[in-house]
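Each chain, letter by letter, is given below.
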Amino acid sequence: MAPRPLDPPVPGGPAAGYLREQATGFLRALRLQRESGTVASDAAEAARALRRTARRIDATLHTFRPLFDPDWADTLRTELGWLAGTLGREHAYAERLERLLGALHRLSQETAPVPALPQARAAAAVLTAQGPGTGGGASGALSVGAARAGALLERQLTLARNRAHSAALGALGSGRFHAVADSVAVLASEVPLRAGTGTGTGEPVAPAPLAERTAERLGEAVTQLPLGRAGVPYNAQALVLGEQDAEAQDTPWLRARQLLRLRRYAVEAMTGQDDPALRRAAQALDRHRDAAEAASAAASAARTPRIAPATAYSLGVLHADQRHEVEAARYAFHRAWQREAAWAG
């Protein structure tokens, strides 16, 4: 009996199939969004699903760009980046506020650590000099100022969240969004490939090397991180850096987070599964990003003109706490990356 002939390769390979799968998920989320009406939980879930699928389509078009029509891919990536960013801001502000208020409540029950912000140290000195009338000097300053600090953060972040909510509603009702939805609807059934792909008339491009390139770029980025210092939990590095220095130090970690996302989605596209080790590493860098942005929000609130010394002190303690959480997330990433390296080896 003659052997069964091999099936011809699917144009675009697993990357094209992954794109169609994510486009279908995007359309399901869009239907949920249109049916959610005034049900806030359904609308929030729809927005999360739209962001999730938009990010995956964007990342896949980036990683496997040589397989697809470049003009189409670049245009769709731009629009999906706009959509994911617009829909994500409201959620980010809500999560940040919840994180900061929870941390304030926790810290007000504990002995306050040394605050990182110079404004907070000055406020602590003022409170100590003022004596018992302030609630026991610096030791009682956190309890005194926590409520006011929380109220200030709630005002600032709620205002930002409301603006982001209005921007998201405007985006979902815009012609720009409908054009994106139309493009994704086409993608769910047909992936525009680069001319010659899968026809034998152009230079063949294999998806596997493109996916492996994401691993190389991620590895290069991780080698630029201070993993030796990150391997020591709570190493107090957060307390010796000013706010601008801390933000500059965060940049390579945020870059690694972006590349890790590309790597995860490339593995998903090629294997159909989420790699557990990469997921743990990504979760650590997500916590790093969240803590760094929360610390920045606390620092920004502490620069509000004419706030009371106790409020400034509480915000400084909060800033220090979140910078400690940054260090904890780096430590968690260090451990997760060691496991990933051991598994890959």
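Just so it is clear, the structure is predicted and the values come from calculations on it, not from any experiment.

## Brief notes about the packing of aromatic side chains
Part 1 of the argument: Per the counting criterion, the structure on display carries three aromatic pairs.
Part 2 of the argument: Ring centres 6.4 Å apart and planes at 75° place the aromatic pair Phe68 and Trp72 in the edge-to-face group.
Part 3 of the argument: Judged by its relative accessible area of 0%, Phe68 is buried.
Part 4 of the argument: The buried category is assigned to Trp72, whose relative accessible area is 18%.
Part 5 of the argument: Where Phe333 meets Trp337, the ring centres are 5.8 Å apart and the plane angle is 25°; that geometry is what we call stacked. Of this pair, Phe333 and Trp337 both sit in helix H11 (residues 309–344), four residues apart, which is roughly one turn of the helix.
Part 6 of the argument: What links up through ring pairs into an aromatic cluster is the set Trp253, Phe333 and Trp337.

## Quick look at the side chain of Asp58
Part 1 of the argument: Examined against the element boundaries, Asp58 turns out to sit in helix H2 (residues 40–63).
Part 2 of the argument: Overall, Asp58 belongs to the buried group, its relative accessible area being 17%.
Part 3 of the argument: Excluding residues that lie within four positions of it along the chain, Asp58 makes contacts with Arg77, Leu80 and Gly81.

## Focus on the packing of H2 against helix H3 (residues 70–108)
Part 1 of the argument: Remark: H2 packs on H3, axes separated minimally by 9 Å, with the N-to-C direction vectors making an angle of 150°. The hand of the H2/H3 crossing is left-handed. From H2, Ala47, Leu50, Arg51, Ala54, Arg55, Ile57, Asp58, Leu61 and His62 reach across to H3, where they touch Trp72, Ala73, Leu76, Arg77, Leu80, Gly81, Ala84, Leu87, Gly88 and His91.
Part 2 of the argument: Partitioning the contact of H2 with H3 into residue classes produces 11 nonpolar, four polar and four charged.

## Re the nonpolar core
Part 1 of the argument: Counting 57 residues, the largest nonpolar core has Ile57, Leu61, Phe64, Phe68, Leu187, Leu260 and Phe333 as the members making the most contacts within it.
Part 2 of the argument: For this core, the leading source of residues is helix H9 (residues 243–271), giving nine residues.
Part 3 of the argument: When near neighbours in sequence (up to four residues on either side) are disregarded, Phe333 contacts Val222, Leu225, Leu227, Trp253, Leu260, Ala281, Ala284 and Leu285.
Part 4 of the argument: The next biggest cluster of nonpolar side chains, apart from the first, holds 19 residues, and it includes Ala103, Ala146, Ala298 and Ala301.

## With respect to the pattern of salt bridges
Part 1 of the argument: Overall, the coordinates contain 18 salt bridges when judged by the stated rule.
Part 2 of the argument: Note that Asp74 and Arg65 form a salt bridge whose closest N and O atoms lie 2.7 Å from each other.
Part 3 of the argument: Arg289 is the partner of Asp290 in a salt bridge, and the nearest nitrogen-oxygen pair spans 2.7 Å.
Part 4 of the argument: Within this structure, Asp250, Arg323, Glu327 and Arg330 form a network of salt bridges that share partners.

## A look at the side chain of Arg51
Part 1 of the argument: For Arg51, the position within the fold is in helix H2.
Part 2 of the argument: Among all residues touching Arg51, those that are not within four sequence positions of it are Ala84, Leu87, Gly88 and His91.

## Re the packing of helix H1 (residues 13–35) against helix H6 (residues 175–187)
Part 1 of the argument: For the pair H1 and H6, the least separation of the axes is 8 Å and the interaxial angle reads 135°. Accordingly, the angle class assigned to the pair H1 and H6 is oblique. Our pair here, H1 against H6, has a crossing hand that is left-handed. In contact with Leu19, Arg20, Ala23, Phe26, Leu27, Leu30 and Arg34 of H1, H6 contributes Phe177, His178, Ala181, Val184, Ala185 and Leu187.
Part 2 of the argument: Of the residues that constitute the contact of H1 with H6, the class distribution is 10 nonpolar, one polar and two charged.

## Brief notes about the environment of Arg279
Part 1 of the argument: With respect to the helices, strands and loops of the structure, Arg279 is situated in helix H10 (residues 276–302).
Part 2 of the argument: By relative accessible area, which is 30% here, Arg279 ends up partly exposed.
Part 3 of the argument: The spacing of Arg279 and Arg261 is 18 residues in sequence and 9.0 Å in space, taken between C-alpha atoms.
Part 4 of the argument: Aside from chain neighbours lying at most four places away, what touches Arg279 is Arg264 and Asp274.

## Digging into H10
Part 1 of the argument: The end-to-end C-alpha separation of H10 is 39 Å, in line with the 39 Å expected for 27 residues at 1.5 Å each.
Part 2 of the argument: For H10, the N-terminal capping position is held by Asp275, with its side-chain oxygen 3.0 Å away from the main-chain nitrogen of Ala277.

## Things to note about the environment of Gln273
Part 1 of the argument: Tracing the backbone shows Gln273 in the loop between H9 and H10.
Part 2 of the argument: Residue class for Gln273 comes out exposed when judged on its relative accessible area of 57%.
Part 3 of the argument: Gln273 has contacts with Val267 and Glu268, leaving out every residue within four places of it along the chain.

## Side note on the environment of Arg264
Part 1 of the argument: Mapped onto the secondary structure, Arg264 falls in helix H9.
Part 2 of the argument: Given the relative accessible area of 13%, Arg264 is considered buried.
Part 3 of the argument: Here Arg264 is in contact with Arg56, Asp274, Leu278, Arg279 and Ala282, once residues within four sequence places are set aside.

Cut-offs and rules
- Residues numbered from 1 in each chain as written.
- Predicted model: local features only at pLDDT ≥ 70, side-chain atom pairs only at ≥ 80, totals over all residues.
- Heavy atoms only, no water.
- Phe/Tyr/Trp six-rings, centres within 6.5 Å; stacked < 30°, edge-to-face > 60°.
- Buried < 20%, exposed > 50% of the residue type's maximum accessible area, 1.4 Å probe, protein only.
- Helix = DSSP H or I, 4+ residues; strand = E, 2+ residues; numbered from the N terminus.
- Contact = heavy atoms within 4.5 Å.
- Axes fitted to C-alpha atoms, helices over the stretch in contact; angles between N-to-C directions.
- Left-handed = near helix turned anticlockwise from the far one by under 90°.
- Nonpolar A, V, L, I, M, F, W, Y, C, P; charged D, E, K, R; others polar.
- Core = buried A, V, L, I, M, F, W, Y, C linked by side-chain atoms within 4.5 Å.
- Salt bridge = Lys/Arg side-chain N within 4 Å of Asp/Glu carboxyl O.
- Parallel < 35°, antiparallel > 145°, perpendicular 65-115°, else oblique.
- Expected span 1.5 Å × (residues − 1).
- Polar contact = N/O pair within 3.5 Å; in protein donor to acceptor, adjacent residues only side chain to side chain.

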